[in-house]
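Fold and contact review
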Amino acid sequence: MFTIHKQEVMWGGRKLTLETGHIARQADGAVLATYGDTVVLCAVTAAKSVKEGQDFFPLTVHYQEKFSAAGRIPGGFFKRERGATEHETLTSRLIDRPIRPLFPEGFYNEVLIIAQVLSYDGENEADIVALVAASAALTLSGVPFMGPLAAARVAYVDGQYVLNPTKTQIKEGSLELIAAGTRDAILMVESEAKELSEEVMLGAVMFAHNESKPVIEAIIKLAEAGAKDPWELKGAGDQSSMIDQIKGVAGAAISDAYKIIAKADRQSALGVAKAKVKDLFAGSAPAEALKASKLVKKIEAGIVRTQILKDGIRIDGRDTKTVRPIEAMVGFLPRTHGSALFTRGETQAIVSTTLGTSDAEQMIDGLDGLRYERFMLHYNFPPYSVGEVGRFGAPSRRDIGHGKLAWRAINPLLPAKEDFPYTIRVLSDITESNGSSSMATVCGASLALMDAGVPLVRPVAGIAMGLILEGKDFAVLSDILGDEDHLGDMDFKVAGTSEGVTALQMDIKVAGITEEIMKVALGQAKAGREHILGEMAKALDTTRTEMSAHAPRIESFQIDKSKIRDVIGTGGKIIREIVATTGAKVNIEDDGTVKIASSDPAQIEAAKAWIMGITQEAEVGKIYTGKVVSMVDFGAFVNFMGSKDGLVHISEIKNERVAKVSEVLTEGQPVKVKVLGIDDRGKVRLSMRLVDQETGAEIADTRPPREDGPDRAPRSDRGPRRDGGDRGGNRGGGGGDRGPRRDGGSSDRGPRPERAAEPEGEPTFAPSFITGDRD
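In this report, the structure presented in the accompanying data block is examined. (Residues numbered from 1 in each chain as written. Predicted model: local features only at pLDDT ≥ 70, side-chain atom pairs only at ≥ 80, totals over all residues. Heavy atoms only, no water.)

1. Quick notes on the overall build of the protein chain
Within the protein chain one finds 14 helices and 30 strands. Seen through its C-alpha atoms, the protein chain measures out along the principal axes to roughly 150 × 65 × 50 Å. For the protein chain, the residues scored as buried account for 48% of the 775 residues in total. Long-range pairs, those at least 24 residues apart, make up 67% of the contacts in the protein chain between residues at least 6 apart in sequence. Within the structure as shown, the protein chain displays about 39,000 Å² of accessible surface, and the carbon and sulfur contribution to it stands at 50%. Distance between charge centres in the protein chain, computed from 97 positive and 109 negative side chains, equals 4 Å. (Helix = DSSP H or I, 4+ residues; strand = E, 2+ residues; numbered from the N terminus. Buried < 20%, exposed > 50% of the residue type's maximum accessible area, 1.4 Å probe, protein only. Contact = heavy atoms within 4.5 Å. Areas by Shrake-Rupley, 256 points an atom, 1.4 Å probe, with all protein chains shown as cover. Lys, Arg positive; Asp, Glu negative; His and termini not counted. Charge placed at Lys NZ, Arg CZ, Asp CG, Glu CD.)

Have a look at this one:
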């Protein structure tokens, strides 16, 4: 038998339920979390021993969405969940980042967290539920975890903060923020905003933190009822003797190394100092050598942190607020649609922008169904950027996370699809890295987009802030170096425009920070961001009015929805012909929006004219360009509006008399015609003689009107007929009586009806198979 433990709490207007003891009982800790109809199972397992020689904490988080949770079958060839999607990778990082700092220093047992979405209601996002479930499972497992923690999502709608908003509320609002923390401090922040002030952003973080506390209390109560016995954690023991030994052989060398400004030279000097320590413990046990290596890092941190807190002087000689020198270039790559080279100190990014049509949009299949994304930002971090040899290939979780952060910073400033109907891809390749390459990506992306002619609302810049925290003393660092990131306590990234914040991301390596520290960091980041925007403006301060000659032009217009099938044609025949003939790409949406794309404006105009010819009706008196499609004795038929043909009567070809149509025109010949009239059957009469065939200008009708001829003599004046009858219609001997009919009936058929006179100049009919609309 088993015992089920359950805790319930009303949270954001909905009930959150945490349950343990029933499912996944062989895991060290397992929790089934339910919020609305969204259900997540999170299981935690931990290795009972540490691998020999291991000197880091191997925490792994896997978040997985089951398509069955939303009643869907996966798309594509393989009908099962496979590798992690971008969203699953980002959510795994979201869970990992606030949890990792809560494990004690020196704990190196491998820990695996698996969170699986089993049910999804379409309104309550599973990522927050998964993070809460992971925190609860760790708290129950007995592993040395200094939690619990909780997280909340916040929107900002009509000046009010909304806890765990629906997707509609997020869309209508100007903020989506996730903050995680313990009962006492904040650990992690992730957000996207529409140029909000630092005060609004800070208020959102604190709102999320306060609203998370009831969940933390529920986890504590659940642990009191069902937690396993805590693990014994061996202490590090007295390390003072070993520290003194290390300082004796390498302390001065380490201190001198951190006075070297250039990263490569500093790393070289540190390598010499570490080699001395390695030689000192060469004959010791592997565990002792490993401990010595860890203590070297501790000594490094002490030197750097003390110097900053005591003197306010950083590794490269800057004070705490100064931003490194910035150099920005645009138009760096000749064949891309837009490009920039952004360098800040020893951090550098080559960023390019590519514009495409809607068929280049990214298709994303998830629990919410199939959707398309028009803006993509991809970040690459090759090993040469830090002077190392390493893996090169598919993007890592870090690459995906940094790219998404830059995406959030830029996305609120992009023009609406209706105003700029392009698919946009930004590619950032980091070529040097010494601190905050993700913020260099934001700056470079902003410049590359403006260089490509993308009308951003305003330029965007980003800056990374660091923190040194010792007791109550702290120092916030602007534009941190890589070493300050590794040896410091915070990585706080802020991106935005001159008007406000667009993205915020914070990761903490200590047990959390206070509202006071966040307030100082946000204020200092604002000043740094304004400085960076000023430096960027020296390269390009506004969007280019002309796009690259290599970029496609897209023209959009509307047609009647009832005409869509006419443009596409049977089996797509007509639209394929348009694309093949003109060379332009054509896309037609369900609402009748037509988008034509090409780098050649002439191709766009040709495709547009073709489509307009199919969908529009001919106008009397208007001049069109067409081509001769067939000729008959009495004129020529001209295709002048897509599938529409009209007749140019032989008398309307030229002002002078035309004896034979084929002597003047040939099939396929381009001509300019004026619409003279349209009858009630849709038959169109055209004229060539009233249009200048060179310029297409209308010509005045100078042909004199036809004069009436003399009256004809009566037909009866021609003399007697050979058969003896008169010319009035009476046969000889009959006076109109045709004699008896073969069937015996009367031969007197009565007078013939009069025939209607035909108008002069053209026939009253045309062959039906070559007039009117063509398929």
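Following the structure, the description resumes.
2. Quick word on the sheet that holds strand β23 (residues 585–588)
One open sheet holds the three strands; their spatial order is β22-β24-β23, and the pairing between them is antiparallel. Edge strands, defined here as strands with exactly one partner in the open sheet, are β22 (553–558) and β23. With strand direction ignored, the average angle separating the axes of adjacent strands in the sheet is 15°. Sheet contacts for helix α14 (residues 601–615): β22, β23 and β24 (593–598); angle to β24, the most-contacted strand, approximately 155°. (Pairing = 2+ DSSP bridges. Axes fitted to C-alpha atoms, helices over the stretch in contact; angles between N-to-C directions.)

3. Details of the pattern of salt bridges
Tallied over the entire structure, the rule returns 38 salt bridges. Across the salt bridge formed by Arg97 and Glu190, the nearest N and O atoms sit 2.6 Å from each other. You can see Arg97 sitting in helix α1 (residues 86–99) and its partner Glu190 sitting in strand β10 (residues 186–196), a full 93 residues away along the chain. Like Arg97, the residue Glu190 is buried in the burial classification. For the salt bridge of Glu176 with Arg153, the shortest nitrogen-to-oxygen distance reads 2.9 Å. Taken together, the residues span a long stretch of sequence, with Glu176 in strand β9 (residues 175–181) and Arg153 in strand β7 (residues 150–157) at a distance of 23 residues. The exposure class assigned to Arg153 is buried, which follows from its relative accessible area of 5%. Through salt bridges with shared partners, a single ionic network connects Asp316, Arg318, Arg324, Arg344 and Asp479. (Salt bridge = Lys/Arg side-chain N within 4 Å of Asp/Glu carboxyl O.)

4. Observations concerning the packing of aromatic side chains
By the definition in use, this model includes twelve aromatic pairs. Measuring from ring centre to ring centre gives 5.5 Å for Phe103 and Phe145, while their planes differ by 50°; the resulting arrangement is tilted. Residue Phe103 is located in the loop between α1 and β6 (111–119), and its partner Phe145 is located in the loop between α2 (126–141) and β7; the two are separated by 42 residues in the primary sequence. Taking relative accessible area as the criterion, Phe103 reaches 7% and is therefore assigned buried. Ring centres 6.0 Å apart and planes at 20° place the aromatic pair Phe375 and Trp407 in the stacked group. Note that Phe375 is positioned in strand β16 (residues 375–380) and Trp407 in helix α8 (residues 397–410), a separation of 32 residues in sequence. (Phe/Tyr/Trp six-rings, centres within 6.5 Å; stacked < 30°, edge-to-face > 60°.)

5. Thoughts on the pairing of strand β29 (residues 684–687)
In the sheet, strand β27 (residues 644–649) pairs with β29 via two bridges, with the strands oriented parallel. Note that in β29 the partner of Leu647 across the bridge is Arg685. For strand β28 (residues 670–678) and β29, the ladder comprises four bridges, and the chain directions are antiparallel. Considered in β29, the bridge of Ile678 is made with Val684. Counted along the chain from β28 to the antiparallel partner β29, the turn is five residues long, and its residue Gly682 has a positive phi close to 90°.

6. With respect to the side chain of Ser548
Mapped onto the elements, Ser548 comes out in the loop between α11 (515–537) and β22. Side-chain polar atoms of Ser548 contact the backbone nitrogen of His550, separated by 3.0 Å. Residues in contact with Ser548, not counting those within four places in the same chain, are Thr336, His337 and Arg553. (Polar contact = N/O pair within 3.5 Å; in protein donor to acceptor, adjacent residues only side chain to side chain.)

7. Some details on the packing of helix α4 (residues 198–226) against α11
Contact pair α4 / α11: the axes reach a minimum separation of 10 Å and the direction vectors enclose 150°. In this view, α4 runs roughly antiparallel relative to α11, as classed from their interaxial angle. The two elements α4 and α11 meet at a crossing, and its hand is right-handed. Between α4 and α11, the residues in contact are Glu198, Leu202, Val205 and Met206 and Glu515, Met518, Lys519, Leu522, Lys526 and Arg529, respectively. (Parallel < 35°, antiparallel > 145°, perpendicular 65-115°, else oblique. Left-handed = near helix turned anticlockwise from the far one by under 90°.)

8. Brief notes about helix α6 (residues 263–280)
Over its 18 residues, α6 extends 26 Å from the first C-alpha to the last, a length consistent with the 26 Å expected when each residue adds 1.5 Å. Within α6, burial applies to Arg266, Leu270, Ala273 and Val277. Across the axial projection of α6, the buried residues extend over an arc of 60°, all falling on one side. Opposite its buried face, α6 presents the exposed residues Ala264, Lys278 and Asp279, each directed more than 90 degrees away. In this fold, the buried residues of α6 make contact with α5 (240–257), α7 (286–311) and α10 (482–487). (Expected span 1.5 Å × (residues − 1). Arc of directions from axis to C-beta.)

9. Some thoughts on the pairing of β6
Bridge analysis of strand β4 (residues 38–46) against β6 gives eight bridges, and the strand direction is antiparallel. Note on β6: the bridge partner recorded for Val40 is Val117. Following the backbone out of strand β5 (residues 59–65), through α1 and into the adjacent parallel β6, one traces a crossover that is left-handed. (Right-handed = clockwise from strand over helix to strand, strands pointing away.)

10. Digging into α5
In α5, a bend of some 65° at Ala250 exceeds every other bend along the element. Within α5, burial applies to Met242, Ile243, Ile246, Ala250, Gly251, Ile254 and Ala257. Considering only its buried residues, α5 is in contact with α6 and α7. (Bend = angle between axes of the 7 residues up to and from the residue.)

11. Concerning a nonpolar patch on the surface
Where nonpolar side chains cluster on the molecular surface, the patch consists of Met363, Leu370 and Tyr372 and spans about 340 Å² of accessible area. Looking at where Leu370 falls in the secondary structure, it is placed in strand β15 (residues 369–373). Judged by its relative accessible area of 46%, Leu370 is partly exposed. (Patch = residues over 30% accessible without salt bridge, like charges linked within 9 Å, V, L, I, M, F, W, Y side chains within 5 Å.)

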